[in-house]
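Listed below are the residues making up each chain.
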Amino acid sequence: MDTQQYLQYAQDAFGFTPTSALSQSNSNTTDFQDALFRTGVMQKVDFGLSGGGENNNYRFSAGYMDQEGAIIETGFQRFSFRANSNFTVGKFNFGETMAVSFQTQNPERNLGDRSLLEHAIKAAPYLPIYNPNNLQGFQGPNNDADGQDGENPIRVQTLGEHINKSSAVLGSIFGEFEIIDGLKFKSQVGLEYRNANTNIFVPSYNDDSEGATHSSDFATITKNSSLRKSITITNSLNYTFSLSDKHNFDVLVLAEKQETIDELLNSNSQNPITNDLNQVSSEKAFLQSFTYEYNRLGYLGRLNYNFDQKYIFAASIRHDASSRFGENNRWGTFPSVALGWNIAKENFLTDTAFNTLKLRGSWGITGNDRINNYQYSATLLSDFFYPFGDTLATGTTAGGLANPDLKWEETTMMNIGLDFELFDSKLTGAVEYFNNTSDDLLMSRPLAGSLGIHSGSVTENVGSVETNGVEFSLGYNDYDGDFTWSANLNLGTSTNEVKSLGSNESLSGGTFESQDISRIEVGEPLFFFFGYETDGIYQTRAEVDANLNQTLVDGEFPVNPGDIRFVDQNGDGQINADDRVKIGNPYPDFTYGLNLNANYKQLDLNLFISGVSGVDVYNTNIYDLEGMPRLFNAGTNVLNRWTGPGTSNSVPAAGGNDQNFNSISDRFVEDGSFTRLKNITLGYTLDNPALDDYFSKCRIYISGQNLITISDYSGLDPEIGNPLTNNGGNSQYELGIDRGNYPQPKSVLLGVQLSF
């Protein structure tokens, strides 16, 4: 809302009239979102050199990228270098790969558990961004005079600095010796070395010299560092041979060991004396360090066989151990088998339109150990303060609850598919059905706060989930003539259903306003949204009186006209926790993508479109835009809120019953379906004899990313991403929840490609 709308809204909705001097001059309206977002500039340079001979080859490449973010003071810079080489001397083959990178990131900053977008929405519009009379030159609210505490997002994002720097070295070296014809022994050592440092400095500030809601009398300094060292040693023996020129065998045995050490150091302190010293001191200091070790040991045996490239058989078995499980369950065994029939090689399909027609199927078990380290063991955390009278004593608390029975999560995968190519491979395609069942799921179960466990959850093997679906792809290629083109379409659909949760009735997470959004329950998909179904708004006192018992939390909050009406799902005449139901699914009904390529003489075009359909998003931003729990700036929809019978049946009265904004309900669920032009590139290769003395190829191009998005979603970006991480944890429950996530920016890149 602009200033005049906001001031009228404050008076009408909350009976409050701001009295600060800035609120009296209502001619100023600050668009904080416009000030927060920008058009960034990106530059990227890549250089490559390759060559070789009969017994060797090499490639070296280097790159530089500097990209400004869509939010002010955000950006990413990277220097990278890669080297690959391979040499053969007699029966000995050796080589290496190496990748080195240096990165600097200026991320989006958050403060007070609010995203930048939430700050930008809530800030009073009559407040200017800057005020030279205030310490550090920003302007914020005066809580008494302005009646709210929405922070200045520009100050949050730009005051001081937040810099993440990292460097990484990834490499491997291998040697291979052919003992006899077809029998090769290979030994390889891989290295991963990562170093990261975070520096956060926020000087003292005061957002209003007349009595700021937000101020700090001291500078805060945070310095964190992390170091990862990982070595992987792999030894393998591979034997390839044929019998009677038709029976082809490939046998592999392999042993692999991985050792990883992570070291973390976190520190922060305050400085009440000066803003000129960005160094940690002993003033209100906090210091913490961690060391984690992660080890894996594995063995693999594999057999590949085919008869005349017509009938195909493959089988393998893995035996792996992970340090993330206790001694009793450290090892897991994972077999697999695959069959294939290249029907196109049968006599009855010779001299037909089919170039390829392959029927294939596979079955196998894979293991998952992607959880935090030491989850099987009880842990302790120190540096906790306990009050004893008027003093604080330092103590130690339980960090995590032990689970010695923790073991591998296993996924049994089965698929059957058909691949085909026709008309000299002009028409290609594939169709595949898959069914995966994950057992002994590694999930975080929330714990009661009364247990006193700091982590708040325990990792357990809690049940099983079945996922099945169909994937289809179809392509056409026309490479004849001056104009050539190809098109590839892919479609996919999948569903998942929880089959068991062991002794648990349900699991929940994704907390928002002290309530959980996401839930896991037998018979439902993973992480579905769980809450109340709305049924319009109570318009009159008579409607309320007819439903006196239908108040939330067992009658604790009285309902009035203008409050949201919830559906009494079980028909008991009351609205309480028993009336919560499934209100959304973060998994799409189907996904699709289309890739188009076209060339006409020196002109080339590539276009990629992707999208999803039938996916739900829980948009917490609606809480900020339309929640109206107390006075904040909000979206203009609140101007159409309920103010009397018949005025609105979708936006409730301002400052009404807590159930209007503090209840998880379908009011905040939106359709997240979208179609997006992910990439489009148009290029032209110069055909000028004058350039032949300098370049073997000179191509200019223009490329665009995320230029067009078609969606009914009201948030900044419907493609909010998948928060699942390699370390598990409660982030699993964040799937499909938009908390003001950083949007994927639109970008246009103009480039030149040179070959020598």
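Residues numbered from 1 in each chain as written. Predicted model: local features only at pLDDT ≥ 70, side-chain atom pairs only at ≥ 80, totals over all residues. Heavy atoms only, no water.

A.B. asks: I'd like to hear about the overall build of the protein chain, residue by residue, with values.
C.D. replies: Along the protein chain, the regular secondary structure elements total 10 helices and 36 strands. If you line up the protein chain on its principal axes, its C-alpha atoms span 90 × 70 × 65 Å. In the protein chain, which comprises 756 residues, the share counted as buried stands at 38%. Counting only carbon and sulfur atoms, one obtains 52% of the accessible surface of the protein chain, whose full area is about 38800 Å². (Helix = DSSP H or I, 4+ residues; strand = E, 2+ residues; numbered from the N terminus. Buried < 20%, exposed > 50% of the residue type's maximum accessible area, 1.4 Å probe, protein only. Areas by Shrake-Rupley, 256 points an atom, 1.4 Å probe, with all protein chains shown as cover.)

A.B. asks: Tell me about the sheet that holds strand E35 (residues 737-738), residues and numbers included.
C.D. replies: One open sheet accounts for 3 strands, arranged E32-E31-E35; its pairing is mixed. The strands lining the two open edges of the sheet, one partner per strand, are strand E32 (669-671) and E35. Here strand E31 (residues 616-619) runs beside E35; their pairing, made up of 2 bridges, is parallel. In the strand pairing of E35, Asn 619 is matched with Asp 738. (Pairing = 2+ DSSP bridges.)

A.B. asks: Break down the sheet that holds strand E23 (residues 506-512) for me, citing the residues and quoting the values.
C.D. replies: Pairing within the open sheet is antiparallel, and its 4 strands lie in the order E23-E24-E25-E28. Looking at which strands have only one partner, the edges of the open sheet turn out to be E23 and strand E28 (581-584). Neighbour-to-neighbour, the strand axes of the sheet open up by a mean angle of 45°, direction not taken into account. Note that strand E24 (residues 515-521) and strand E25 (residues 528-531) share 2 bridges and pair antiparallel. The residue bridging Arg 519 from the neighbouring strand is Phe 528, located in E25. (Axes fitted to C-alpha atoms, helices over the stretch in contact; angles between N-to-C directions.)

A.B. asks: How would you summarise the nonpolar core if you had to cite specific residues and measurements?
C.D. replies: Judged by nonpolar contacts, the single largest core of 15 residues is most densely connected at Met 1, Tyr 6, Tyr 9, Tyr 126, Met 628 and Val 638. The contact partners of Tyr 9, leaving out residues within four places of it in the chain, are Met 1, Phe 14, Met 628, Leu 631, Phe 632, Val 638 and Arg 641. Core analysis: the second largest hydrophobic core is formed by 13 residues, Ile 72, Leu 116, Ile 154 and Tyr 205 among them. (Core = buried A, V, L, I, M, F, W, Y, C linked by side-chain atoms within 4.5 Å. Contact = heavy atoms within 4.5 Å.)

A.B. asks: Explain the packing of aromatic side chains to me, using residue names and the numbers behind them.
C.D. replies: In total, this model carries 24 aromatic pairs according to the counting rule given. Between Tyr 299 and Trp 331, the aromatic rings sit 6.3 Å apart at their centres with planes inclined by 15°, giving stacked as the arrangement. Of this pair, Tyr 299 sits in strand E11 (residues 286-307) while Trp 331 sits in strand E13 (residues 331-342), and the two are 32 residues apart along the sequence. You can call Tyr 299 partly exposed: its relative accessible area is 40%. Under the relative-accessibility criterion, Trp 331 is labelled partly exposed at 39%. (Phe/Tyr/Trp six-rings, centres within 6.5 Å; stacked < 30°, edge-to-face > 60°.)

A.B. asks: Help me get a handle on the pairing of strand E33 (residues 674-685), residues and values and all.
C.D. replies: Looking at chain direction, strand E30 (residues 603-613) and E33 are connected through 10 bridges and run antiparallel. Bridged to Leu 605 within E33 is Leu 682. Relative to strand E34 (residues 697-711), E33 runs antiparallel, the two sharing 11 bridges. Pairing of Phe 674 across the sheet is with Ser 711, part of E34.

A.B. asks: Lay out the side chain of Thr 397 with the relevant residues and their values.
C.D. replies: Along the chain, Thr 397 falls in strand E16 (residues 391-400). Apart from the residues within four sequence positions on either side, Thr 397 is in contact with Thr 379, Leu 380, Leu 381, Phe 384, Tyr 386, Gly 452 and His 454.

A.B. asks: If you had to explain the pattern of salt bridges to someone new, which residues and values would you point to?
C.D. replies: Under the defined criterion, the tally for this structure stands at 31 salt bridges. We note a salt bridge from Lys 122 to Asp 624, for which the minimum N-O separation is 3.7 Å. On the criterion of sequence distance, the pair formed by Lys 122 in helix H4 (residues 116-122) and Asp 624 in helix H9 (residues 621-626) is long-range, its members being 502 residues apart. Accessibility expressed as a relative area gives 6% for Lys 122, which makes it buried. In this structure, Arg 296 engages Asp 369 in a salt bridge whose closest nitrogen and oxygen atoms are separated by 3.6 Å. Of this pair, Arg 296 sits in strand E11 while Asp 369 sits in the loop between strand E14 (354-368) and strand E15 (379-388), placing them 73 residues apart in sequence. Judged by its relative accessible area of 25%, Arg 296 falls in the partly exposed class. One continuous salt-bridge network, built from bridges that share partners, spans Arg 114, Glu 118, Lys 122, Asp 149, Asp 624 and Arg 630. (Salt bridge = Lys/Arg side-chain N within 4 Å of Asp/Glu carboxyl O.)

A.B. asks: Break down the environment of Asp 46 for me, citing the residues and quoting the values.
C.D. replies: Among the secondary structure elements, Asp 46 is positioned in strand E1 (residues 42-53). Look at Asp 46 and you get exposed, because its relative accessible area is 56%. Non-local contacts of Asp 46, meaning those with residues more than four positions away in its chain, are made with Ala 62 and Gly 63.

A.B. asks: Before we move on, can you summarise the side chain of Asn 657 with the specific residues and values?
C.D. replies: Along the chain, the position of Asn 657 falls in the loop between H9 and helix H10 (659-662). On the accessibility criterion, Asn 657 (6% relative accessible area) is buried. A distance of 2.9 Å separates a polar side-chain atom of Asn 657 from the backbone nitrogen of Gln 659. (Polar contact = N/O pair within 3.5 Å; in protein donor to acceptor, adjacent residues only side chain to side chain.)

A.B. asks: Can you explain unusual backbone geometry? Please cite residues and give values.
C.D. replies: Generally, phi is negative for residues other than glycine and the peptide bonds are trans, each holding for most cases. In the Ramachandran plot, Gln 136 falls in the positive-phi region, its phi being about 80° despite a non-glycine side chain. Despite not being glycine, Phe 527 shows a phi value in the positive range, around 55°. Under the relative-accessibility criterion, Phe 527 is labelled buried at 3%.

A.B. asks: Any details on the confidence of the model for the protein chain? Residues and values, ideally.
C.D. replies: Residues with a pLDDT of 70 or more make up 97% of the protein chain, whose mean pLDDT is 91. Confidence drops under a pLDDT of 50 for residues 724-730, and excluding neighbours within four residues, the segment shows 12 contacts in the predicted structure. (pLDDT = per-residue confidence, 0-100.)

A.B. asks: Hey, could you go over helix H1 (residues 3-14) for me, with residue numbers and the actual values?
C.D. replies: Here H1 contains 12 residues, and its C-alpha end-to-end distance of 16 Å stays within 8% of the 16 Å for a straight helix at 1.5 Å per residue. Taken as a whole, H1 has its buried residues at Thr 3, Tyr 6, Leu 7, Tyr 9, Ala 10 and Ala 13. For H1, the buried positions fall inside an angular range of 160° around the axis, keeping them on one side. Between the side-chain oxygen of the N-cap and the backbone nitrogen of Gln 4 there are 3.3 Å, and the N-cap of H1 in question is Asp 2. At the C-terminal side of H1, Gly 15 shows a positive phi close to 65°. (Expected span 1.5 Å × (residues − 1). Arc of directions from axis to C-beta.)

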